[in-house]
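# Observations on chain architecture
Each chain is listed here by its residues.
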Amino acid sequence: MKINKALLPIKGHYFIFWGSYASALPFMMVVARQLGIPVALQGTITAAVIAFAVLAKPVISAAADHLPSLRKSIFLGLLTIMVTTLAPIGFLKPLYPAPVVQGALRAEGASEGVLRARDTGTCYVSSAWDCDVTCSPSQPCPQATSPSGFSLSLHHHLTDDPEPKGKNWTDTLQQEGYRFYVASGLHFPAIFEAVNVSIRCKGGEWKGHGCHAPWETAEFWLFVTLLLAGQVAASTVESISDAVCLDIIGENGDYGSQRAWGALSYGIVGTLSGILVDWYSGPGIVKDYMPAFLLLVLLGTLDVLLSSATLKIPKFEGSAAICSNLRPLLRQPGFFVFLCFTFLIGFFDGLDTGYVFVLQEDIGAGTSLVKHMKFIQGLTLLVQAISAAPFMFIYARVESKLGAAHIITLVFLLFSLRLGGLATAGFLGQLWGTVAMEVINGPCFGLGYAAIIVQAGAITPPGTSATVQSLVGICYGTLGYAGASFVGGVLYDAVGGPMLYLCMGAAAALTCLLHFVYNKYLPQTIDKKTEELALETILEKGIPYRVEGEHLKKREKGDEERRASEEGKREEEAAMLRREEDIDLDNIEFHDEKQHSVSVEEDKT
């Protein structure tokens, strides 16, 4: 087997860059939740970050084109910014202090107790986990049944119902200014009376109108700033990396074989990162993500060194005419409807990848699987990564039988099954079920993304492929994911993860029906030549993602050059014909003059 050494640098860059990305960024939702940022607020932050990244990338690319001597320095600077801004997130302090609750504890069963704690005011602990209890030296003390500790949950507040109800301990001992908590996961001595205890927990939630909002803290804005800078840098590096790859492999090169190294690294390093976090943190719910962010620093630094020594940065393609090219396209109802369906594919995909980790943590809370939670989440990344590639390579066979439009209908059906499966796993408390459902990511992304690329190429007029493919990428990977982050965060906070996925699964099923009806009664005109060109792009790349515009621009440029050459040949042929006609006319005129002169001579004679 012959190894192309010229391609080793880009393979190495993809492997290391996507490894550093997967080590921490996919876990960012659960990292922020542990810091005390609500899921709904995280969804809004993520949507804003994605939107800002789209606006920032063209500005950075334009700056690099105006400063060609600094092009490589800008690329390496972006890599450095990504590492230096994302790494500190792993060391930020929580927005709220670790809960400490003091009061009288009494056994209420084999493994549960009731804690009567003094009311701390309008900002109070609503739940807590990974707790330890401390008693007076002369008193017997209960022990946690799990190495990770026990949990607390708010049970009853006196002001809600001030009248005694019976002989239960929580009723007879109620006094003004106390709250009651249920302590789960404790083993009490055989003889145990109510004792005064101090309970310290590693994590918890605070409620009450007296609690300060997350955005009122400096730590929150530091988190947002670091995440924004890191995500913009990572997103821009991703686009530049694809441009570098296409420049190295040439117009007819195999992009998929290079990009596959990034997909492989994404799954492997994501799993490794999860294992390291679980090992370092111990069995508790609260995790220490330091190994994940140190792995990000290690791989990111290695990527900077490798890229500075081996990669050459090409000129970036501009898109100044994109708006003018889009106006006539957007006036076509069929094209606009296609973009709406493209947005919905990205939306449903973003709902899964954005909140599946949060759902997994909610399912695993209070079970023995919590000590392996990061490994399970890393395994989820691996399943997502390796399930998509095979479907990319069989897409041509599926497309020849069904057609791109019907594949999109099928993908909506698969999304309804995928989201509905996650909802079922959530309701039943089956954590491994959520991992199994990610296998459907293979056809959802492998067929779905390829189908919208082919469909976009087939329904658009010649000469606008690059513009349309760029717009498809924005609708799918930007607007779709941003919408999923915002809507998903709000609904997750309001109704919980299982109900969110159940509602969205039903929405995907409805979308499937609408797309089927639309495709049956209002079919779009398909250009076979442009469809074959888009399909060829899919087959060459294997794993296309946000590089279609660059590739198709090169093809369009080649088509324009060929058309210009053909027009030039036609003009030359026309000129030769005109010259031949002029020569014929001259001969005719000369013959006529000669005949006339002969006639004159005859008359004279």
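## Regarding the packing of helix α13 (residues 404-428) against helix α18 (residues 497-521)
At their nearest, the axes of α13 and α18 sit 7 Å apart, and the two run at 165° to each other. With respect to each other, α13 and α18 are oriented roughly antiparallel. Considering the relative orientation of α13 and α18, their crossing is left-handed. Partitioning the contact of α13 with α18 into residue classes produces 18 nonpolar, 9 polar and no charged.

## Comments concerning the packing of aromatic side chains
Going through the model one piece at a time under the given rule, you end up with 17 aromatic pairs. Plain terms: the ring middles of Phe220 and Trp221 are 5.1 Å apart, the flat faces sit at 80° to each other, and that makes the pair edge-to-face. Judged by its relative accessible area of 3%, Phe220 falls in the buried class. By relative accessible area, which is 47% here, Trp221 ends up partly exposed. When the centroid spacing of 6.1 Å and the interplanar angle of 40° are considered together, the rings of Phe348 and Phe415 count as tilted. With Phe348 in helix α10 (residues 333-364) and Phe415 in helix α13, this pair connects stretches of sequence that are 67 residues apart. This pair shows no difference in class: Phe348 is buried, exactly as Phe415 is. These aromatic residues form a ring-pair network of at least three members: Phe341, Phe343, Phe347, Phe348, Phe412, Phe415 and Tyr518. Of note, Arg116 hangs over the ring of Tyr178, and the distance from its end group to the ring centre comes to 4.7 Å. The lysine or arginine in question, Arg179, covers the ring of Tyr124, its NZ or CZ lying 3.6 Å from the ring centre.

## A short note on the environment of Val125
With respect to the secondary-structure elements, Val125 resides in strand β3 (residues 124-135). Since its relative accessible area comes to 4%, Val125 is described here as buried. With 24 residues separating them along the chain, Val125 and Val101 place their C-alpha atoms 8.1 Å apart. Apart from the residues lying within four places of it in its own chain, the contact partners of Val125 are Pro99, Val101, Leu154, Tyr181, Glu205 and Trp206.

## Notes on a nonpolar patch on the surface
On the surface, a nonpolar cluster with roughly 720 Å² of combined accessible area is contributed by Leu510, Leu513, Leu514, Phe516, Val517, Tyr521 and Leu522. Structurally, Leu514 is set in helix α18.

## Considerations on the confidence of the model for the protein chain
Predicted confidence across the protein chain gives a mean pLDDT of 79, with 76% of residues reaching 70 or more. Low pLDDT (under 50) marks residues 169-174, which in the prediction has 22 contacts with non-local residues, meaning those over four places away or in another chain.

## Observations concerning the state of the cysteines
Enumeration according to the criterion identifies 3 disulfides in this entry. Between the sulfur of Cys131 and that of Cys201 lies a disulfide, 2.0 Å long from S to S. On the sign convention where negative means left-handed, the S-S torsion of about 105° between Cys131 and Cys201 marks this disulfide as right-handed. Separated by 70 residues along the polypeptide, Cys131 in strand β3 and Cys201 in strand β8 (residues 195-207) bring together distant segments of the chain.

## What to know about the pairing of strand β1 (residues 100-107)
Note that β1 and β8 share 6 bridges and pair antiparallel. By the bridge assignment for β8, Gln102 is matched with Ser198. As paired strands, β1 and strand β2 (residues 112-118) are joined by 5 bridges and run antiparallel to one another. Bridge pairing links Leu105 to Leu115 in β2. In this structure, the hairpin formed by β1 and β2 is closed by a connection of 4 residues, where Gly109 is found at a positive phi of approximately 140°.

## Topic: the pattern of salt bridges
Counting across every chain of the model gives 6 salt bridges. Of the charged contacts in the structure, one is a salt bridge between Lys287 and Asp278, with a shortest N-O distance of 3.1 Å. For Lys287, a relative accessible area of 5% corresponds to the buried category. For Asp278, a relative accessible area of 8% translates into the label buried. Residue Glu438 pairs with Arg418 through a salt bridge whose shortest N-O separation is 3.0 Å. Of this pair, Glu438 sits in the loop between α14 (431-437) and α15 (441-446) while Arg418 sits in helix α13; the two residues are 20 residues apart in sequence, bridging distant segments of the chain. Accessibility expressed as a relative area gives 0% for Glu438, which makes it buried. Residues participating in the shared-partner salt-bridge network are Asp349, Asp352, Arg418 and Glu438.

Here is what the cut-offs are and how they apply
- What you see as residue numbers is a count from 1 along each chain, following the sequence as written.
- Selection of residues for local features in this predicted model requires a pLDDT of at least 70, selection of side-chain atom pairs for listing and counting requires 80 or more, and totals for whole chains, interfaces and linings are taken over all residues.
- The side-chain numbers reported here are obtained from all heavy atoms of the structure, hydrogens and water having been left aside.
- Every axis corresponds to a line fitted to the C-alpha atoms, with the helix fit spanning only the stretch in contact, and the corresponding angles, defined between N-to-C directions, vary from 0 to 180 degrees.
- Where helices and strands are cited, they refer to DSSP runs of H or I of at least four residues and of E of at least two residues respectively, numbered from the N terminus.
- Each angle gets one of four labels, with under 35 degrees taken as roughly parallel, over 145 as roughly antiparallel, 65 to 115 as roughly perpendicular, and the rest as oblique.
- Crossing chirality is assigned from the near helix's rotation relative to the far helix, an anticlockwise turn below a right angle marking it left-handed and a clockwise turn marking it right-handed.
- Side-chain classes follow a simple rule in which Ala, Val, Leu, Ile, Met, Phe, Trp, Tyr, Cys and Pro form the nonpolar group, Asp, Glu, Lys and Arg form the charged group, and the remainder, Gly included, forms the polar group.
- Between the rings of Phe, Tyr and Trp (Trp by its six-membered ring), a pair exists once the centres lie within 6.5 Å; its type follows the angle of the planes, with under 30 degrees stacked, over 60 edge-to-face, and the other angles tilted.
- Per-residue accessibility, obtained with a 1.4 Å probe over protein chains only, is compared with the maximum for each type, and a residue is labelled buried under 20%, exposed over 50%, and partly exposed between these values.
- As a reminder, the over-ring test applies to NZ of lysine and CZ of arginine, requiring each to be within 6 Å of the ring centre and within 35 degrees of the ring normal.
- Note on contacts: a residue pair qualifies if any of its non-hydrogen atoms lie within 4.5 Å across the two residues.
- In this scheme, patches are assembled from residues that exceed 30% relative accessible area and form no salt bridge. Like charges are connected within 9 Å, while nonpolar side chains (Val, Leu, Ile, Met, Phe, Trp, Tyr) are connected within 5 Å.
- Here the accessible surface of atoms and residues is derived via Shrake-Rupley with a 1.4 Å probe, and residues count as covered only by protein chains that are part of the display.
- Basic side-chain nitrogens of Lys or Arg form a salt bridge, by our definition, when they fall within 4 Å of a carboxyl oxygen of Asp or Glu.
- Confidence scores labelled pLDDT are given residue by residue by the predictor and lie between 0 and 100.
- In this description, the term disulfide denotes a pair of cysteine sulfurs within 2.5 Å.
- For two strands to be treated as a pair, DSSP must find at least two bridges joining them.

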